[in-house]
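So you can see what is in the structure, the chains are spelled out below.
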Amino acid sequence: MAQTREGIRSVKIDSLNLWAADDGTIHLTTDDPDVKDGFHTYINNNPRSKRYHPSAYAQFARILLRYGKTVPGYELPAGDADA
């Protein structure tokens, strides 16, 4: 259930889901019943795309790899033992 409090700027949304499609695009969705129909976004690592965001992409890719998921086309930088 989405939650907020007076005096803060954020809204807490439950159940963030991250997953990578076969083309390496990382999707963000939620099962939160208050917002699930209005929240599905994605980012990629393609410089020609308006959804290109290299730093956020790397952060989400590392999270997925850390939990044993695959991110097609993404490789950790040399010396990065984060996953």
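Criteria and thresholds
- Residues numbered from 1 in each chain as written.
- Predicted model: local features only at pLDDT ≥ 70, side-chain atom pairs only at ≥ 80, totals over all residues.
- Heavy atoms only, no water.
- Helix = DSSP H or I, 4+ residues; strand = E, 2+ residues; numbered from the N terminus.
- Rg over C-alpha atoms; globule rule 2.2 N^0.38 Å.
- Buried < 20%, exposed > 50% of the residue type's maximum accessible area, 1.4 Å probe, protein only.
- Contact = heavy atoms within 4.5 Å.
- Areas by Shrake-Rupley, 256 points an atom, 1.4 Å probe, with all protein chains shown as cover.
- Lys, Arg positive; Asp, Glu negative; His and termini not counted.
- Charge placed at Lys NZ, Arg CZ, Asp CG, Glu CD.
- Pairing = 2+ DSSP bridges.
- Axes fitted to C-alpha atoms, helices over the stretch in contact; angles between N-to-C directions.
- Expected span 1.5 Å × (residues − 1).

Draft legend 1. Focus on the overall build of the chain. What the chain contains, in helices and strands, is one helix and three strands. Reading the chain from its N end, one meets helices and strands in the order β-β-β-α. Relative to a compact globule of 83 residues, whose C-alpha radius of gyration would be 12 Å, the chain shows 15 Å and is clearly more extended. C-alpha extents for the chain along the principal axes are approximately 45 × 25 × 20 Å. Across the 83 residues that make up the chain, the buried fraction comes to 23%. Expressed as a percentage of contacts within the chain between residues at least 6 apart in sequence, the contacts between residues at least 24 apart total 22%. Here the chain displays about 6200 Å² of accessible surface, and carbon together with sulfur accounts for 49% of that area. Between the centroid of the 10 positive side chains of the chain and the centroid of its 11 negative side chains there is a distance of 5 Å.

Draft legend 2. The sheet that holds strand E3 (residues 40–43), seen in detail. The strand order across the open sheet formed by three strands is E1-E2-E3, and the pairing between neighbours is antiparallel. The open sheet has two free edges, formed respectively by strand E1 (16–20) and E3, since each of these has just one partner strand. Within this sheet the neighbouring strands show an average axis-to-axis angle of 20°, counted without direction. Pairing geometry for E1 and strand E2 (residues 26–30), over five bridges, is antiparallel. If you follow Leu18 over to E2, its bridge partner there is Leu28.

Draft legend 3. Spatial organisation of helix H1 (residues 54–66). When the terminal C-alpha atoms of H1 are compared, their 18 Å separation across 13 residues agrees well with the 18 Å that a helix rising 1.5 Å per residue should span. Within the sequence span of H1, burial applies to Ala56, Tyr57, Ala58, Ala61, Arg62 and Leu64. On its buried face, H1 sits against E1, E2 and E3. Directly beyond the C-terminal end of H1, a positive phi value near 80° is found at Gly68.

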